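Survey of secondary and tertiary structure
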Amino acid sequence: MRCDLFCSVVDNFGDIGICWRLARQLQTEYQWQVTLWVDDLVSFQKICHSIKPELRLQLQQGVLVRHWTDVLPELSDADKPDLVIEALACSIPSAYLHWMAAFADKPLWLNLEYLSAEDWVHGCHALPSPHPQLPLQKYFFFPGFTAQTGGLLRERGLIDRLVRIAGSTDLQQQFWQQAGLTDAMEYQQKISLFAYSQAQISPWLEQLANGCQTTLLLVPKGQLATDLTQLFSELNTGRFDKKSLSIRVLDFMPQPMYDQLLACCDINFVRGEDSVIRAHWAGRVFIWQIYRQEEQAHLVKLQAFLDKYLQHAPAEQKVCLEKLHMAWNLEQDISTEFALFNKFREEIQIHNKKWQEYLIQQQDLASNLVRFAENKLIMSRNFS
Ligand SMILES: Cc1cn([C@H]2C[C@H](O)[C@@H](COP(=O)(O)OP(=O)(O)O[C@H]3O[C@@H](C)[C@H](O)[C@@H](O)[C@H]3O)O2)c(=O)[nH]c1=O
């Protein structure tokens with residue numbers, strides 16, 4: 001199978017994060033030949049350090065990466081893929097669509113949508129949509145948390161690898177060494193903090209500084225790290241210490257290493273669409289800041305997620321997690337909610353394990369996508 005996967009980096013790292021993960025999985029687990037078209041190689045390089053932004057074409061971990069610019073390369077019949085994936089609301093160039101439409105045996109065209117826990121997704125997943133002018137039709141493919149959706153990205157063997165790390169001090173020590181955080185094991189709790197801006201973060205940091213446990217707080221470079229540097233100028237050096245709290249600013253890690261970080265931390269603050277799912281697989285407790293949308297549409301999506309995630313959680317934990325998530329997403333002070341969350345941490349961890357077990361009973365996104373594509377292609381070839 002040959003697949004062209006189109007990715008436009010709108011902002012942040014979710015678009016490329018998801019596409020890169022999917023591309024590698026299709027290649028390594030299904031031996032598909034994947035060409036990943038990406039319009040921003042500089043962002044890509046942050047999560048895959050070997051990317052060379054100046055190259056038009058490069059092979060990375062078995063995936064052909066093509067810099068997607070306004071000028072389309074010459075395409076011949078030999079370049080025809082079996083499947084074209086238009087990821088996360090990007091638009092395939094019209095010249096490319098005309099090229100696809102000219103084949104008698106047309107490639108299958110999928111629109112990989114954004115993640116949502118809302119129930120309307122069930123009715124839209126896998127629906128066809130004819131192109132208004134060209135003899136082409138695309139299918140909507142929705143990721144999601146239920147068996148009526150396309151599922152979630154989850155590589156083969158991932159959970160076992162993460163469970164091994166989470167259960168082994170030796171592996172954790174190795175990870176911290178590799179990450180250049182040689183003193184990490186000395187801290188009683190480690191928190192990864194990947195979030196958008198947080199206007200009222202100071203009281204919570206103060207709470208951690210005055211806590212009876214020592215805390216290592218790890219913040220990747222970006223807006224939040226810049227905001228924290230405004231609060232604590234010492235962070236310019238990459239480190240700020242106050243009583244029980246030590247804050248470190250980290251360079252972005254390659255994706256597999258970020259997975260390990262999540263498995264080695266006690267609490268993970270995650271954001272957007274991809275890191276939140278990685279936090280699920282890492283099995284530690286997490287707090288999610290959803291990507292903001294106009295007219296607060298994201299809060300509806302957040303509530304839909306919380307409803308599913310907490311459906312079988314004990315009432316007190318449900319209230320605690322809902323309040324904490326709402327406060328964090330509204331950029332309010334979370335210190336009261338966080339104190340309660342810490343009190344329930346073990347129980348929440350147990351609940352998360354059950355939620356994870358429910359999710360891993362379902363097929364993952366790549367296998368659903370492969371099955372869907374193969375069935376559709378077999379059907380269309382039998383009929384033509
Ligand atoms: C912090 C860190 C992240 N990552 C990866 C994990 C993810 O693949 C990616 C971050 O993506 P997300 O978690 O989705 O958060 P994000 O905020 O960067 O991306 C967002 O982009 C918007 C355009 C989308 O619409 C949002 O839904 C969202 O996906 O970066 C690393 O590989 N190394 C790191 O050190």
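From a predicted model like this one, the values you see are computed outputs, not experimental measurements. (Residues numbered from 1 in each chain as written. Predicted model: local features only at pLDDT ≥ 70, side-chain atom pairs only at ≥ 80, totals over all residues. Heavy atoms only, no water.)

Concerning the pairing of strand S1 (residues 2-7)
Counting buried residues along S1, 5 of its 6 residues qualify, which places the element largely inside the surrounding structure. Note that S1 and strand S2 (residues 33-38) share 6 bridges and pair parallel. Looking at S2, one finds that Cys-7 is bridged to Val-38. With helix H1 (residues 14-30) bridging S1 and the parallel S2, this β-α-β connection has right-handed handedness. For S1 and strand S5 (residues 83-87), the ladder comprises 4 bridges, and the chain directions are parallel. Its bridge partner lying in S5, Cys-3 is registered against Leu-83. (Buried < 20%, exposed > 50% of the residue type's maximum accessible area, 1.4 Å probe, protein only. Helix = DSSP H or I, 4+ residues; strand = E, 2+ residues; numbered from the N terminus. Pairing = 2+ DSSP bridges. Right-handed = clockwise from strand over helix to strand, strands pointing away.)

A few points about helix H14 (residues 345-360)
The first and last C-alpha atoms of H14 sit 22 Å apart over 16 residues, in line with the 22 Å expected at 1.5 Å per residue. Those residues of H14 not exposed but buried are Arg-345, Ile-348, His-351, Asn-352, Trp-355, Gln-356 and Leu-359. Mapping the buried residues of H14 onto a view down its axis gives an arc of 145 degrees, with all of them on the same face. Turned more than 90 degrees off the buried face of H14, the exposed positions are Glu-346, Ile-350 and Lys-354. (Expected span 1.5 Å × (residues − 1). Arc of directions from axis to C-beta.)

A short note on the site of the ligand
If you check the shell around the ligand, you find 23 residues, and the closest are Tyr-196, Met-253, Arg-271, Asp-274 and Ser-275. Taking Arg-271, its side chain carries an N or O atom lying 2.8 Å from an oxygen atom of the ligand. Within the side chain of Ser-275, an N or O atom sits 2.6 Å from an oxygen atom of the ligand. Structurally, the ligand is housed in the largest pocket. Mapped by element, the contributors of at least two residues to the shell around the ligand are H1, helix H9 (255-264) and helix H10 (274-282). It is H1 that provides the largest number of residues to the shell around the ligand, a total of 4 residues. Its residues assigned to classes, the shell around the ligand shows 11 nonpolar, 6 polar and 6 charged. Residues lining the shell around the ligand come from more than one domain, with at least three contributed by each of domain 1 (2-152 + 363-383) and domain 2 (158-360). (Near = heavy atom within 4 Å. Polar contact = N/O pair within 3.5 Å; in protein donor to acceptor, adjacent residues only side chain to side chain. 1 Å grid on protein atoms, 1.4 Å probe; cavity = no way out; pocket = protein on both sides within 12 Å on 5 of 7 lines; lining within 4 Å. Sits in = over half its atoms within 2 Å of the grid points. Nonpolar A, V, L, I, M, F, W, Y, C, P; charged D, E, K, R; others polar. Domains from an automatic or database assignment.)

Remarks on the domain arrangement of the chain
Each assigned domain of the chain is listed here: domain 1 (2-152 + 363-383) and domain 2 (158-360). Of note, the centres of domain 1 and domain 2, computed from C-alpha atoms alone, are 30 Å apart. Every contact between the two is made by 21 residues of domain 1 and, on the other side, 23 residues of domain 2. Per-residue buried area on domain 1 facing domain 2 is highest for Arg-21, Leu-115 and Phe-145; these three make up 31% of the total on that side. (Contact = heavy atoms within 4.5 Å. Buried area = accessible area lost by both parts, 1.4 Å probe.)

Here's the deal with unusual backbone geometry
Notably, Asn-12 is not glycine yet its phi reads approximately 60 degrees, a positive angle. When you line up the elements, Asn-12 lands in the loop between S1 and H1. What makes Asn-12 partly exposed here is its relative accessible area of 26%. Phi is positive for Gln-61, close to 50 degrees, though the residue is something other than glycine. Overall, the relative accessible area of 47% leaves Gln-61 in the partly exposed class.

Looking at the layout of surface pockets
Reported here for the largest pocket is a volume of approximately 790 Å³. Taken together, 46 residues form the lining of the largest pocket, with Gly-14, Arg-271, Gly-272, Glu-273 and Asp-274 sitting closest to its centre. Counting only elements with at least two residues in the lining of the largest pocket, the list comes to H1, strand S9 (189-193), strand S10 (215-220), H9, H10 and helix H11 (297-309). For the lining of the largest pocket, the element with the highest residue contribution is H1, accounting for 5 residues. (Points joined across faces, edges and corners; volume = space filled by probe spheres on them.)

Some thoughts on the sheet that holds strand S4 (residues 63-67)
In space, the 8 strands of this open sheet follow the order S3-S4-S2-S1-S5-S6-S8-S7, with mixed pairing throughout. Since the sheet does not close on itself, it has two edges, and those belong to strand S3 (57-60) and strand S7 (128-130), each with one partner. When the angles between neighbouring strand axes are averaged without regard to direction, this sheet yields 25 degrees. In the sheet, S7 pairs with strand S8 (residues 137-141) via 3 bridges, with the strands oriented antiparallel. Counted as the bridge partner of Ser-129 is Lys-138 from S8. (Axes fitted to C-alpha atoms, helices over the stretch in contact; angles between N-to-C directions.)

Structural notes on the packing of aromatic side chains
Summed over the entire model, instances satisfying the criterion amount to 30 aromatic pairs. Measuring from centroid to centroid gives 5.7 Å for Phe-141 and Phe-372, while their planes differ by 65 degrees, and the two rings are edge-to-face. With a gap of 231 residues between them, Phe-141 in strand S8 and Phe-372 in helix H15 (residues 365-383) connect regions that are remote in the sequence. Accessibility assignment for this pair places Phe-141 and Phe-372 in one class, buried. Judged by centre distance (4.8 Å) and plane angle (55 degrees), the ring pair of Phe-269 and Trp-328 falls under tilted. Of this pair, Phe-269 sits in strand S13 (residues 267-271) while Trp-328 sits in helix H12 (residues 315-329), placing them 59 residues apart in sequence. An identical accessibility class is assigned to Phe-269 and Trp-328; each is buried. (Phe/Tyr/Trp six-rings, centres within 6.5 Å; stacked < 30°, edge-to-face > 60°.)

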